[in-house]
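Structural characterization, general
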Amino acid sequence: MNVLVFVGIHTLLAIALNLLLGYAGQISLGHAAFFGLGAYSSGILTATYSWNPWLAMLVTASVVASVAFVIGFPILKLKGHYLAMATLGLGIIVYILFNEWVDVTGGPSGFSGIPNLQIGSLIFDTDFKNYYLIWIFVLGCVLLSVNLANSRIGRAFRAIHDAETAARVMGVNARLLKVQVFALSAMICSIAGSLYAHVMTFIAPPSFGFNISIELLTMVVIGGLGSIYGSFLGALLLTTLPEFLRFMNDYDIVFYGGLLMVMTIFMPGGLVRGIPQLFRKIRGSGKDKGNANA
Amino acid sequence: MELSEQLLQYLLSGLSTGAIYALIGIGFSIIYNSTGIINFAQGEFVMLGGMLTLFLLETLELPLWAAIPLAVLLATITGLLFERLAIRPLRKATPISLVIITIGGSILIRGLAMLIWDKDTHAIPSFSGDEPIMLGGATVLPQHIWIIVITIILISLNKWFFNHTISGKAMRACSYNPRAAGLVGVDVRKMVLLSFMISSAMGSLAGIIVAPLTMTSYDVGIMLGLKGFCAAIIGGMSSGIPTVIGGLILGILESLGAGLISSGYKDAIAFIILLLILFIRPQGLFGKPESERV
């Protein structure tokens, strides 16, 4: 059950990154920063300043979204590798802040004493209750994302992804849309961070470092860029796999690296597209060989 | 110590770390100029330089003069394999898939290094003792002088190679226009391979000469690589003097920041500079404005 809670949180994060990367075609290697900002801000507001957790989550999410909106303008002017490096730099700056601002964040030894979420007398303090809590959020996020992806805005995103110049000529305000999806993506990460903080009641910087940003990227790529269900699949796979790979200890990182490379070379569409394709190939090779163009 | 002496000390140690950043940054630029790829695995070759030297020295008990060239050779072979196995299968890829594959490669190399060696930090003996030399009130280690001298030699060699050899000129031709270069008989794929080999050789050598000062471990490549990239960005992705100046500026600012402000935030300085340059002058400090950085 505990694992399923993490699958849920990772699904939220992967969907958030996928909205940006898969739909709008903008890479981010610093998304763990927004996750961390959500977690730390919720944690500090509730534990140090005794705010109501729900209010803290709401305020945090809006502040993180606004910050992302503001920095989105200069950052999303960059493209490709430059965007990757800029977001990476941003992620590392935030990570350093978590480690060094010891008075507020507790520094490398972490921040503890975060209360559980609560509705009336129902306290979310067991894995079972947290499971339902997290997955209600995931469901909401999936509904929102699927609807968004199939709306006018979603089509505009895909137009930007495929050909930004053409999209702009057709009257899509590419710059504003990119910044908006960046802010939305950051907001979902922040909510996931708040949930994580309240579920764990203890947070420490390594949960929000560069490696986590990379892990998120791996989930999205493995699941399939531009597919909401792919993000769920990627999150499920990469969260449960380490449980089965326990015997590999720290060496699972070799596995991630290899997986990322193999997937990019051989299955660039991710699992959601690659597996049906594979099936078609296996079935197709026997039946209709002469029909190569179909 | 007086403030002026302190400043001199910071300046001197900043120069030698800056020289390292410059070498790594030139490695980034060489690959970028011939392929348009930002090689996120660049830092791993720096790590390989240090770790391979350590391995050859301690496990195989080779003398230093034999261990260093052998380590560079092995790292260069790794660079060659990396290009062949990861980059070449993807030649017609999008920038995002190139970012992802080089990240995958860097995780894989780092993980394998952890698997082959261990997670500990190791010291490599200095090239010629640890007797400090007094220099106008500041102390300098012989290793600092080695770093500066080797960097100057490497940069001159690099300059000579690109300006006076047929391969170097062919690589420059590829950076201006690979198609046109191919039409006049330049083997573009060979030049791409060569650029990966040169930059992994340079990176590994940088890793070797800095290891006696900073120690080495399987994960030093991340930070060193990112800072080398920052140097290259300041220099406008040039494979010449501007990137060297970029590296030195970064090294000195870091050393001043660590000494005068706080050593904990030292690493953040590089990334703040990186973001500022990308936001304000994406063409580098010395470059002419371009319409778009893609």
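In this text the structure is predicted, and so the values were computed from the model without any measurement.

The subject of this paragraph is the overall build of chain A. Looking only at helices and strands, one finds 13 helices and 4 strands in chain A. Taken over C-alpha atoms, the radius of gyration comes to 20 Å for chain A, in line with the 19 Å a tight globule of 294 residues would show. Counting only C-alpha atoms and orienting by the principal axes, one finds that chain A spans roughly 70 × 50 × 35 Å. Counting all 294 residues of chain A, 50% fall into the buried class. Taking the contacts inside chain A whose residues are at least 6 apart along the sequence as the reference set, 77% of them involve residues at least 24 apart.

For chain B, the helix and strand inventory stands at 11 helices and 2 strands. Going residue by residue from the N terminus, the α and β elements of chain B occur as α-α-α-α-β-β-α-α-α-α-α-α-α. Here the C-alpha radius of gyration of chain B, 19 Å, is about what a compact globule of 294 residues would show, namely 19 Å. Judged by the C-alpha coordinates and their principal axes, chain B covers about 60 × 50 × 35 Å. Considering chain B as a whole, with its 294 residues, one finds that 50% of them fall into the buried category. A sequence separation of at least 24 residues applies to 74% of the contacts in chain B between residues at least 6 apart.

Let's shift gears to the environment of A:N18. All names here are of chain A. Summarising the element assignment, N18 is placed in helix α1 (residues 2–23). When the 29 C-beta atoms within 10 Å are taken as the criterion, N18 is described as buried. Along the primary structure N18 and G154 are separated by 136 residues, whereas in three dimensions their C-alpha atoms are 12 Å apart. Those residues in contact with N18, other than ones at most four positions away along the chain, are V220, L225, G226, I228 and S231.

A separate point is the interface of chain A and chain B. Each partner contributes to the interface: chain A provides 32 residues, whereas chain B provides 34 residues. Secondary-structure elements contributing two or more residues to the side of chain A that touches chain B are α4 (80–100), α10 (210–223) and α12 (252–266) of chain A. For the side of chain A that touches chain B, a count of residues per class yields 23 nonpolar, 6 polar and 3 charged.

The next point concerns unusual backbone geometry. Even without a glycine there, the phi angle at A:T201 is positive, about 60°. You can see A:T201 is positioned in the loop between α9 (174–200) and β4 (202–203). Among the residues examined, A:T201 registers 15 C-beta atoms within 10 Å and is labelled partly exposed. Phi at B:E61 is positive, roughly 55°, even though this residue is not glycine. Within the element layout of this structure, B:E61 appears in the loop between α2 (42–58) and α3 (64–87).

With that settled, consider the confidence of the model for chain A. Overall, the predicted model of chain A reaches an average pLDDT of 85, with 94% of residues at or above 70. Low pLDDT, under 50, characterises residues 288–294 of chain A; the predicted model gives this stretch 1 contact beyond four residues in sequence or across chains.

Here we come to α10(A). Residue and element names in this part refer to chain A. For α10, built from 14 residues, the straight-helix expectation of 20 Å at 1.5 Å per residue is met to within 8% by its first-to-last C-alpha distance of 20 Å. Along α10, 12 of the 14 residues are buried, which leaves the element largely enclosed by surrounding structure. Among all positions in α10, only I212, S213, I214, E215, L216, L217, T218, M219, V220, V221, I222 and G223 are buried. G224 lies just past α10 and shows a positive phi near 135°.

It is worth spelling out helix α5 (residues 142–164) of chain B at this point. Across its 23 residues, α5(B) extends 33 Å between first and last C-alpha, which sits within 8% of the 33 Å expected from 1.5 Å per residue. Considered for burial, the residues of α5(B) that qualify are B:Q143, B:H144, B:I147, B:T151, B:I155 and B:N158.

So, about the nonpolar core. Counting 183 residues, the largest nonpolar core has A:L13, A:I188, A:A192, B:C230 and B:L274 as the members making the most contacts within it. Per-element accounting of this core gives the leading share, 16 residues, to α9(A). Ignoring anything within four residues of it in the chain, the contact list for B:L274 reads A:M85, A:G89, B:C230 and B:I233.

To continue, consider the packing of helix α1 (residues 3–35) of chain B against helix α8 (residues 188–214) of chain B. Residues and elements named next belong to chain B. Their axes nearest at 9 Å, the elements α1 and α8 cross at an angle of 170°. One way to sum up the angle between α1 and α8 is to call them roughly antiparallel. Of α8, the residues touching α1 (which contributes I20, L23, I24, I26, G27, I30, I31, S34 and T35) are M191, V192, S195, F196, I198, S199, M202, G203, A206 and V210. Taken together, the residues that form the contact of α1 with α8 break down as 13 nonpolar, 6 polar and no charged.

This brings us to the environment of B:V220. All names here are of chain B. Relative to the helices and strands, V220 resides in the loop between α8 and α9 (221–234). Residue classification places V220 among the buried residues on the basis of 24 C-beta atoms within 10 Å. Along the chain, V220 and E44 lie 176 residues apart, while their C-alpha atoms are 7.9 Å from each other. Apart from residues no more than four positions distant in its own chain, V220 is found in contact with M47 and G50.

Further remarks concern the environment of A:G154. Residues and elements named next belong to chain A. Within the fold, G154 resides in helix α7 (residues 152–162). Classification of G154 by C-beta neighbours within 10 Å gives partly exposed; the count is 19. Along the primary structure G154 and V63 are separated by 91 residues, whereas in three dimensions their C-alpha atoms are 24 Å apart. Ignoring any residue separated from it by four or fewer positions in sequence, one finds G154 in contact with Y23, L148 and A149.

With that settled, the discussion passes to the confidence of the model for chain B. When pLDDT is low, close inspection of the predicted coordinates is not appropriate. Looking at chain B as a whole, the pLDDT averages 86, with 97% of positions reaching at least 70. Listed scores for the predicted complex are pTM 0.85 and ipTM 0.81.

Definitions and cut-offs
Residues numbered from 1 in each chain as written. Chains lettered and ligands numbered in written order. Predicted model: local features only at pLDDT ≥ 70, side-chain atom pairs only at ≥ 80, totals over all residues. Helix = DSSP H or I, 4+ residues; strand = E, 2+ residues; numbered from the N terminus. Rg over C-alpha atoms; globule rule 2.2 N^0.38 Å. Buried ≥ 20, exposed ≤ 12 C-beta atoms within 10 Å, placed from the backbone. Contact = placed C-beta atoms within 7 Å. Nonpolar A, V, L, I, M, F, W, Y, C, P; charged D, E, K, R; others polar. pLDDT = per-residue confidence, 0-100. Expected span 1.5 Å × (residues − 1). Core = buried A, V, L, I, M, F, W, Y, C linked by C-beta atoms within 7 Å. Axes fitted to C-alpha atoms, helices over the stretch in contact; angles between N-to-C directions. Parallel < 35°, antiparallel > 145°, perpendicular 65-115°, else oblique.

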